[in-house]
Amino acid sequence: MQTHSLNPDLWVDAYADYLFNYAVVRVSDSEIAKDLVQETFFAGLKSAKNFKGDAAERTWLIAILKRKVIDHYRKINSNKGKAEVRMSYNTTTDTEGDWLEEQVADPFSLLDTSDLENEELGLAIQDCISKLPKKQALVFTKKTIQGISTEDICNELDINPSNLWVIIHRARTGLMECLNSNWF
């Protein structure tokens, strides 16, 4: 496996647009998205010592940004959004840091979540995914949970990128409706 190294001097030029587009889709506010990207770069600098090189630099920064987006919604939803999703597919191992999100945990987050809330939300999400139409569940799982590239999913399922994003949008909408009625 190829190991990667960090090069913070190039982050803004190389990743700012990508991270901004990622954030603005999730928060629907360009100013908040800009702030989240800035916080992501700051957190990346602060936790650079935790970077193990197992993932590409951009992937690592996206994982940090995901946590920033979660923290953003936690702040605005207080009790509604306190749980963080930690889905484990193999509970028989005691290895630490298997999940990228755990490797880049934000030490500056003021909000804490309980293991019970994490487990409950993870089970609620799994239940809601199982209620989605089969193709939506498959595409959502491959793209969002497994992190498979758009190109690979499109080739495997013989769909175009526009269709993929429509399917993901519908899956997210279905998941949100399901979670709002069954978990929140």
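Keep in mind it's a predicted model, so treat the numbers as computed, not measured.

Procedures and definitions
Residues numbered from 1 in each chain as written. Predicted model: local features only at pLDDT ≥ 70, side-chain atom pairs only at ≥ 80, totals over all residues. Heavy atoms only, no water. Phe/Tyr/Trp six-rings, centres within 6.5 Å; stacked < 30°, edge-to-face > 60°. Helix = DSSP H or I, 4+ residues; strand = E, 2+ residues; numbered from the N terminus. Buried < 20%, exposed > 50% of the residue type's maximum accessible area, 1.4 Å probe, protein only. Disulfide = S-S within 2.5 Å.

Draft legend 1. Focus on the packing of aromatic side chains. Tallied over the full model, the rule gives 3 aromatic pairs. For the ring pair Trp-11 and Phe-41, a centre distance of 6.0 Å and an interplane angle of 25 degrees mean the geometry is stacked. Taken together, the residues Trp-11 in helix H1 (residues 11-27) and Phe-41 in helix H2 (residues 30-46) connect sequence positions 30 residues apart. The same class applies to Trp-11 as to Phe-41, namely buried.

Draft legend 2. Representation of the state of the cysteines in the model. Tallied over the entire structure, the rule returns 1 disulfide. Paired by a disulfide, Cys-128 and Cys-178 hold their sulfur atoms 2.0 Å apart. On the S-S bond that ties Cys-128 to Cys-178, the torsion sits near -80 degrees, and the link is left-handed. Remark: Cys-178 occurs in helix H8 (residues 161-182) and Cys-128 occurs in helix H5 (residues 115-131); sequence separation between them is 50 residues. Of the residues examined, Cys-128 reaches a relative accessible area of 2% and is grouped as buried.

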